[in-house]
2 protein chains.
Amino acid sequence: MPYHTFINTLQTLLGPTHVLTDDHDTLPLCLDWRGRYQGKPLAIAYPGTRQEVAEVIALCAAHQVAVVPMGGNTSTCGAATPDDSRQQLVIGLKRLNRLIAIDPDNNTMTVEAGMTLLEAQQLAARHQRLFPLSLASEGSCQIGGNLSTNAGGLAVLRYGTMRELALGIEVVLPDGQCLSALEGLRKNTTGLDLKQWFIGAEGQLGLITAATLKLFPLPSARATALVGVASPEIAIQWLGALKQRFGDRLTTYELMTQVCMELVARYQTADVPFMAPCTVLLELSDSGDNETLTDQLVEWLGERQDMLDGVIAMSESQRQSLWALREIMSETQRLQGHSIKHDIAVPSSAIPSFLTQAGARLEAAFPGCCIMAFGHAGDGNLHYNIAYTRPDNQQLFDDEHAVNQIVYDTVYALGGTLAAEHGIGQLKIHWLERYKDPLQLKLMRGLKQQLDPHNLMNPGKWLS
Amino acid sequence: MPYHTFINTLQTLLGPTHVLTDDHDTLPLCLDWRGRYQGKPLAIAYPGTRQEVAEVIALCAAHQVAVVPMGGNTSTCGAATPDDSRQQLVIGLKRLNRLIAIDPDNNTMTVEAGMTLLEAQQLAARHQRLFPLSLASEGSCQIGGNLSTNAGGLAVLRYGTMRELALGIEVVLPDGQCLSALEGLRKNTTGLDLKQWFIGAEGQLGLITAATLKLFPLPSARATALVGVASPEIAIQWLGALKQRFGDRLTTYELMTQVCMELVARYQTADVPFMAPCTVLLELSDSGDNETLTDQLVEWLGERQDMLDGVIAMSESQRQSLWALREIMSETQRLQGHSIKHDIAVPSSAIPSFLTQAGARLEAAFPGCCIMAFGHAGDGNLHYNIAYTRPDNQQLFDDEHAVNQIVYDTVYALGGTLAAEHGIGQLKIHWLERYKDPLQLKLMRGLKQQLDPHNLMNPGKWLS
């Protein structure tokens, strides 16, 4: 089918305003979040309903046109970016942003995949419920993308990743057929759990159009503290002791090394209350009131002989300012200059060994390199970024492969993973091939072959 | 390969005492839990290591011998029972019952698939950790079977089903290759989550030999109450209110209709403290001490205008006696005589409608039928059993198909499922075919074809 006929058919299907073809419109939208990949699409289509998605994908299947699903375009690995061949159609989900149903008594809601995470959180809150997924890009990222990358973030310690928060999904398959399984059931053993195939598949097996999500009671109490301890070992001992004392009330446990806080003090105006070898932001949430919960935390912290320093939020504004110290880490990293970023996880018990071993190996190989390690210690997930304090940043990127290899070899020796919550996309295909069991890759690609024999769904990513 | 050569090869592999061939030994072991299916196997083999499992399965693949994995043989659907052709080799897992590793600081343990659920619970407890899966057959059922049926039970409300409790698994594929993914990671986005394919697959895609499981802090406090309310509607309102007040402390919420308690009073010696239209057994668990938690529950119950009657356990022995009333339900059903059993789930908000609608339709079709409904209301999962008070039980089984159809039509009209935690096995294949989306069945069978093209893994069940 000639280009113009295909575009005309699309415009007839969706309405002319919902199909972008001009480079002036499309190219800015096809630059990935980190600016590493610039896609050049055939066009960008914005279907308004599940049915329109199915019709567009069926049209593409009929004419062997590749499809790249795009949510909020916040992938850090180029997972939603087309190649530059002008042969791939980007399907944007922003118009599929409606609430389909909410059942507070069943603690579930069903939403379209193009709803932003923030909208989903606010929607749940309006019904006195919590949708707990929370991450930096929540204002832009969409539910479909959260599912496709099995997103994690700040509350996984208590509530799990997106996989654990999804009860049902609706997917348009590469041939345009629609798989609809939006049940809001906690238990269902009627066959294989097909939604699991599509969660974390980065849009390579089908396009997710809707999901039924778990909701939780809206916590009425929070207690938040920033504490300093002498080492990551002690921080991990605290994690266990906090779980023992507070159980599921422990919602967030974020670790920041001293380098991180020093860089904040240097590049940001934010007030850093103290310096310690290891700083932890921890938060409890519960029913009841803030005072009771805060008193319990104060009492527990009071018994810690090994706390070097600490600040407990006594008001919501103090809580916000403590959180701000964690939330400005990525921007601080940017202000410092280029860095080689990693999104690794190890068993949380192995975090101290990882920091010691990887740090020593990197310092030996790249004397004077600056390591910024921070993140979700409660889940064993750290963002582990390496920069040079010297100005020659080009040198840094020449060393990127060697740096990654040191980091990932250390991670895998400790039973960890090179991708904890950001996925693989285009950026980490080579590393997935290097570290993943070939048998596992073979099985994954067998399923891809079964569902998408012509490789039309998000080609050029890791399943291709 | 002639029978004797095959058996000799097996005996050489495993040692003669680990291969049973005599009907006197094998037939009693191949009668299913409910006595509905009597398998006649080629033999029963008991490998002692993962490597031996792989060798036995490779041998079977080479000679096109079908394999039936058997754990504790507690399936209620005949999922682990071979056919009567004497052509299928049963592989028993009881010798694979070892602890591989435990990491209390990471809250994980890795065990072989033949360990009983009770052993796994006790093992975790010896390290001051909780493995929360809990169900009636826990003394016999095995971890591999729990994974293969995605087992549920009494604590799903708080901790989730077996799927949510598994971080990694090890599987021998139908061709004898071993897929080992025993990482103890909370976050991992390196490709598709292959363990999800095998959880709930009832041994039809491979044989699970080990798993890495989530552990939790061992609760130090419990508060348990048996309460009576006027209707299931009120019981479901209470469920929401309890979640709002106690959050994740609410661990168990079991509903029993008045018929259930009347049958207990009639057939059992257990003391039934009160009669009410709807009785609920609820339990909170937490850190801290029993008294504090019990006081909180007493206070909350004291504010309920709509509680008809209630008993709160003030000692462990009182707690046990309240639990006994729930645990003797199945035996009570048996004492009453034959019954047609269902393991259904609906959104918990739909439980009252389900009980009203199904009850009315059954009474209209089968006047005087006796409906015993009890179970995990917190998850929307009820065991819904129909008996006749008349002596003509043969008549009951003549009506079984019609009874099931009324129950399942009502369930599906309410967005529910015909199999919540017991699976499909052989018993419910027909009903799965009737109610499951044909596209979903096609996709499931496509994966079966990919992994097991010769249909050698647990054939004759629902994926065949």
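Residues numbered from 1 in each chain as written. Chains lettered and ligands numbered in written order. Predicted model: local features only at pLDDT ≥ 70, side-chain atom pairs only at ≥ 80, totals over all residues. Heavy atoms only, no water.

What follows concerns the sheet that holds strand β1 (residues 19–20) of chain B. Residue and element names in this part refer to chain B. Taken together, the four strands give an open sheet; going across it, the order is β1-β2-β4-β3, and neighbouring strands pair in mixed fashion. Edge positions in the sheet fall to β1 and β3 (66–70), since each has one partner strand and no second. One ladder, built from two bridges, connects β1 with strand β2 (residues 43–45); its direction is antiparallel. Residue pairing in the sheet places Leu20 in a bridge with Ile44 of β2. (Pairing = 2+ DSSP bridges. Helix = DSSP H or I, 4+ residues; strand = E, 2+ residues; numbered from the N terminus.)

Next up on the list: empty space enclosed by the protein. Evaluated as defined, the whole model comprises seven cavities of 30 Å³ or more. There is about 1,000 Å³ of room inside the largest cavity. Contributing to the lining of the largest cavity are 48 residues, with Arg158 and Asp248 of chain A together with Arg158, Phe216 and Asp248 of chain B lying nearest its centre. Partitioned by chemical class, the residues of the lining of the largest cavity number 20 nonpolar, eleven polar and 17 charged. Within this model, the second largest cavity holds a volume of roughly 100 Å³. Along the walls of the second largest cavity sit 13 residues, with Arg158, Pro217, Pro219 and Ser287 of chain A together with Gly247 of chain B positioned nearest its centre. Broken down by class, the residue content of the lining of the second largest cavity amounts to five nonpolar, four polar and four charged. (1 Å grid on protein atoms, 1.4 Å probe; cavity = no way out; pocket = protein on both sides within 12 Å on 5 of 7 lines; lining within 4 Å. Points joined across faces, edges and corners; volume = space filled by probe spheres on them. Nonpolar A, V, L, I, M, F, W, Y, C, P; charged D, E, K, R; others polar.)

Moving on: the pairing of strand β4 (residues 88–92) of chain B. As a general feature of sheets, a regular strand has side chains that alternate between the two faces. All names here are of chain B. Most of β4 sits out of view: five of its five residues are buried. Of the two faces of β4, the one carrying Gln88, Val90 and Gly92 and the one carrying Leu89 and Ile91 are both buried. Alignment of β3 against β4, held across five bridges, turns out to be parallel. Note that in β4 the partner of Ala66 across the bridge is Gln88. (Buried < 20%, exposed > 50% of the residue type's maximum accessible area, 1.4 Å probe, protein only.)

Here the focus is the packing of aromatic side chains. Two numbers describe a pair of aromatic rings. These are the distance of the centres and the angle of the planes. All names here are of chain A. Applying the stated rule across the entire model yields 14 aromatic pairs over all chains. Between Tyr412 and Tyr435, the aromatic rings sit 4.7 Å apart at their centres with planes inclined by 15°, giving stacked as the arrangement. With a gap of 23 residues between them, Tyr412 in helix α16 (residues 400–413) and Tyr435 in helix α17 (residues 429–435) connect regions that are remote in the sequence. Take Tyr412: its relative accessible area is 26%, and that puts it in the partly exposed class. (Phe/Tyr/Trp six-rings, centres within 6.5 Å; stacked < 30°, edge-to-face > 60°.)

Right, let's get into the packing of helix α9 (residues 232–246) of chain B against helix α14 (residues 351–365) of chain B. Residues and elements named next belong to chain B. Between α9 and α14, the least distance of the axes is 8 Å, while the angle of their chain directions is 165°. Looking at the two axes, α9 sits roughly antiparallel to α14. Considering how the two elements wind past one another, α9 and α14 form a crossing that is right-handed. Facing α9, whose interface residues are Pro232, Glu233 and Ile236, α14 presents Ile351, Pro352, Leu355 and Thr356. A class-by-class count of the residues in the contact of α9 with α14 yields five nonpolar, one polar and one charged. (Axes fitted to C-alpha atoms, helices over the stretch in contact; angles between N-to-C directions. Parallel < 35°, antiparallel > 145°, perpendicular 65-115°, else oblique. Left-handed = near helix turned anticlockwise from the far one by under 90°. Contact = heavy atoms within 4.5 Å.)

As a further point, take the packing of α9 of chain B against helix α11 (residues 290–302) of chain B. Residue and element names in this part refer to chain B. The N-to-C vectors of α9 and α11 enclose an angle of 135°; their axes lie 12 Å apart at closest approach. In terms of orientation, α9 lies oblique with respect to α11. Crossing geometry of α9 relative to α11 is assigned as right-handed. Residue-level contacts link Trp238, Ala241, Leu242, Arg245 and Phe246 of α9 to Gln296, Leu297, Trp300 and Leu301 of α11. Across the contact of α9 with α11, the residue classes break down as seven nonpolar, one polar and one charged.

Looking now at the environment of Leu154 of chain A. All names here are of chain A. Counting through the fold element by element, Leu154 comes out in the loop between α5 (143–148) and α6 (156–159). Separated by 195 residues in sequence, Leu154 and Ser349 have C-alpha atoms that sit 19 Å apart. The contacts of Leu154, once residues within four sequence positions are left out, are Ser134, Thr251, Thr252, Glu254, Trp323, Arg326 and His376.

This brings us to the interface of chain B and chain A. The accessible area lost on association of the parts is a frequent measure of interface size. Taken together, the contact between chain B and chain A spans 81 residues of the former and 81 residues of the latter. Taking both partners together, chain B and chain A bury about 6,200 Å²; carbon and sulfur atoms supply 53% of that area. One can count twelve salt bridges joining chain B with chain A. Residues Lys214 of chain B and Glu164 of chain A are paired through a salt bridge, measuring 2.7 Å at the closest nitrogen-oxygen approach. In this structure, the connection of chain B to chain A is made through 38 residue pairs in polar contact (both at pLDDT 80 or more). Secondary-structure elements contributing two or more residues to the side of chain B that touches chain A are α6 (156–159), α7 (162–165), β9 (178–181), α8 (195–198), α9 and α18 (438–451) of chain B. No other element matches the eight residues that α18 of chain B contributes to the side of chain B that touches chain A. Residues belonging to the side of chain B that touches chain A are distributed by class as follows: 30 nonpolar, 31 polar and 20 charged. (Buried area = accessible area lost by both parts, 1.4 Å probe. Salt bridge = Lys/Arg side-chain N within 4 Å of Asp/Glu carboxyl O. Polar contact = N/O pair within 3.5 Å; in protein donor to acceptor, adjacent residues only side chain to side chain.)

Expressed as a screw transformation, the operator carrying chain B onto chain A has a rotation angle of 180° and an axial translation of 0.0 Å, and the superposed copies differ by an RMSD of 0.0 Å. These values place the two chain copies in the arrangement generated by a two-fold rotation axis. Take the interface residues of chain B: 100% of them recur as interface residues in chain A, which is what a same-surface contact looks like. (Least-squares fit on C-alpha atoms with pLDDT ≥ 70 in both.)

Further remarks concern the domain arrangement of chain A. Residues and elements named next belong to chain A. Partitioning chain A into domains gives domain 1 (3–92), domain 2 (99–217), domain 3 (222–241 + 255–330) and domain 4 (337–422). On a C-alpha basis, the centroid separation for the pair domain 1 and domain 4 is 35 Å. With four residues of domain 1 in contact, the opposing surface of domain 4 contributes four residues. Summed over both partners, the interface of domain 1 with domain 4 buries about 320 Å², with 40% contributed by carbon and sulfur atoms. The tally of links between domain 1 and domain 4 comes to one salt bridge. Of the charged contacts in the structure, one is a salt bridge between Glu400 and Arg36, with a shortest N-O distance of 3.3 Å. A per-class count over the side of domain 1 that touches domain 4 returns one nonpolar, one polar and two charged. (Domains from an automatic or database assignment.)

Another point: the sheet that holds strand β2 (residues 43–45) of chain A. Ordered in space as β1-β2-β4-β3 (chain A), the four strands form an open sheet in which the pairing is mixed. The sheet is open, and its two borders are formed by β1 (19–20) and β3 (66–70) of chain A, each paired with just one other strand.

A word on the nonpolar core. If you look at the biggest cluster of nonpolar residues, it comprises 199 residues, and the most contacted ones within it are Phe131, Ile143 and Tyr384 of chain A together with Phe131, Ile143 and Tyr253 of chain B. Not counting residues within four places of it along the chain, the set of residues in contact with Phe131 of chain B comprises Met109, Leu117, Ala120, Gln121, Ala124, Ile143, Met162, Leu165, Leu213, Lys214 and Leu215 of chain B. (Core = buried A, V, L, I, M, F, W, Y, C linked by side-chain atoms within 4.5 Å.)

All names here are of chain B. Most of strand β14 (residues 278–286) is tucked away, with nine of its nine residues classed as buried. Alternating residues of β14 divide into Cys278, Val280, Leu282, Leu284 and Asp286 and Thr279, Leu281, Glu283 and Ser285, and every residue in both groups is buried. Pairing of strand β12 (residues 221–229) with β14, which is carried by nine bridges, proceeds in the antiparallel orientation. Along β14, the bridge assignment pairs Leu226 with Leu281. Here strand β13 (residues 250–257) runs beside β14; their pairing, made up of seven bridges, is antiparallel. Bridged to Tyr253 within β14 is Leu282.

Let us now look at helix α10 (residues 258–267) of chain B. The set of residues buried in α10 of chain B consists of Cys260, Met261, Leu263 and Val264 of chain B. End-on view of α10 of chain B: buried residues confined to an arc of 160°, all on one side of the axis. (Arc of directions from axis to C-beta.)

Before going further, it helps to examine the side chain of Thr149 of chain B. For Thr149 of chain B, the location among the structural elements is in the loop between α5 (143–148) and α6. In this structure the side chain of Thr149 of chain B is engaged in a polar contact, spanning 2.8 Å, whose partner is the backbone oxygen of Gly145 of chain B.

Before going further, it helps to examine α11 of chain B. All names here are of chain B. Look at α11: 18 Å from first C-alpha to last across 13 residues, which is about the 18 Å you get at 1.5 Å a residue. Taken residue by residue, α11 has Leu293, Thr294, Leu297, Trp300 and Leu301 as its buried positions. End-on, the buried residues of α11 take up no more than an arc of 125°, which puts them together on one face. Exposed residues lying more than 90 degrees from the buried face of α11 are Glu291, Asp295, Glu299 and Gly302. One side-chain oxygen at the N-terminal end of α11 lies 3.2 Å from the backbone nitrogen of Glu291; it belongs to Asp289. (Expected span 1.5 Å × (residues − 1).)

Here we come to the state of the cysteines. By definition, a disulfide is the covalent link that joins the sulfur atoms of two cysteine residues. Summed over all chains, the structure comprises zero disulfides over all chains. With no disulfide of its own, Cys370 of chain B lies closest to Cys369 of chain B among cysteine sulfurs, the gap being 7.8 Å. (Disulfide = S-S within 2.5 Å.)

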